[in-house]
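Residues per chain are reported as follows:
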Amino acid sequence: DVIDQPYWWTAWQAWAQHSFGGRVTVQLRQQDLSTQAPAAAGLIIACHPEVTRGGPWPAILGNVLRSRLPGAACVFTTFYLQEAEATAQI
């Protein structure tokens with residue numbers, strides 16, 4: 001996220017550690033994905049891209065997809081069908 005969320009991110013990371021032990025690692029940090037790719041990962045869950053409003057979404061989606069490790073999966077979740085369709089068009 002572009003806006004730092006230290007309370008929630010710490011809580012979610014602690015929940016993942018408690019729930020999954022060392023099997024799953026959750027890393028959350030402030031980052032502008034329009035200018036840099038996130039860390040390489042085996043599973044990426046991208047939540048609610050608001051691509052229907054324009055903006056830097058082609059660069060963001062490209063950086064996210066490029067950060068997949070070989071054989072990795074990337075899932076984009078949206079609230080509305082029109083967001084999913086717009087994401088798929090990019």
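Residues numbered from 1 in each chain as written. Predicted model: local features only at pLDDT ≥ 70, side-chain atom pairs only at ≥ 80, totals over all residues. Heavy atoms only, no water.

Enquirer: Go over the packing of aromatic side chains, please, and point to the residues and values.
Expert: Applying the stated criterion across every chain, the model contains four aromatic pairs. An angle of 80° between the planes, with centres 5.0 Å apart, marks the rings of Y7 and W8 as edge-to-face. Exposure remark for Y7: the relative accessible area of 59% places this residue in the exposed category. Owing to a relative accessible area of 46%, W8 belongs among the partly exposed residues under this scheme. Put simply, the rings of Y7, W8 and W12 touch in pairs and so form one group of aromatic residues. (Phe/Tyr/Trp six-rings, centres within 6.5 Å; stacked < 30°, edge-to-face > 60°. Buried < 20%, exposed > 50% of the residue type's maximum accessible area, 1.4 Å probe, protein only.)

Enquirer: Summarise the layout of surface pockets; cite the residues concerned and give the values.
Expert: Volume-wise, the largest pocket comes out at about 1,400 Å³. Around the largest pocket sit 34 residues that line it, and Q27, L28, I45, A46 and C47 are the ones nearest its centre. Here the element with the most residues in the lining of the largest pocket is strand β1 (residues 41–47); it accounts for six residues. Here the lining of the largest pocket is composed, by residue class, of 25 nonpolar, five polar and four charged. (1 Å grid on protein atoms, 1.4 Å probe; cavity = no way out; pocket = protein on both sides within 12 Å on 5 of 7 lines; lining within 4 Å. Points joined across faces, edges and corners; volume = space filled by probe spheres on them. Helix = DSSP H or I, 4+ residues; strand = E, 2+ residues; numbered from the N terminus. Nonpolar A, V, L, I, M, F, W, Y, C, P; charged D, E, K, R; others polar.)

Enquirer: Can you explain the pairing of strand β2 (residues 68–77)? Please cite residues and give values.
Expert: Remark: a regular strand shows side chains that alternate across the two faces of the sheet. Taken together, the six bridges between β1 and β2 define a ladder with parallel strand orientation. Looking at β2, one finds that I45 is bridged to V75. A crossover connection joins β1 to the parallel β2 through helix α2 (residues 57–66); in handedness this β-α-β unit is right-handed. (Pairing = 2+ DSSP bridges. Right-handed = clockwise from strand over helix to strand, strands pointing away.)

Enquirer: Any details on the pattern of salt bridges? Residues and values, ideally.
Expert: The final tally for this structure, using the stated rule, is one salt bridge. The closest approach of N and O atoms between R53 and E50, which form a salt bridge, is 3.3 Å. (Salt bridge = Lys/Arg side-chain N within 4 Å of Asp/Glu carboxyl O.)

Enquirer: Account for the nonpolar core, with residues named and values stated.
Expert: Of all hydrophobic cores here, the largest spans six residues; its members are I44, V51, W57, I60, L61 and V64. If you tally residues by element for this core, the top one is α2, at four residues. (Core = buried A, V, L, I, M, F, W, Y, C linked by side-chain atoms within 4.5 Å.)

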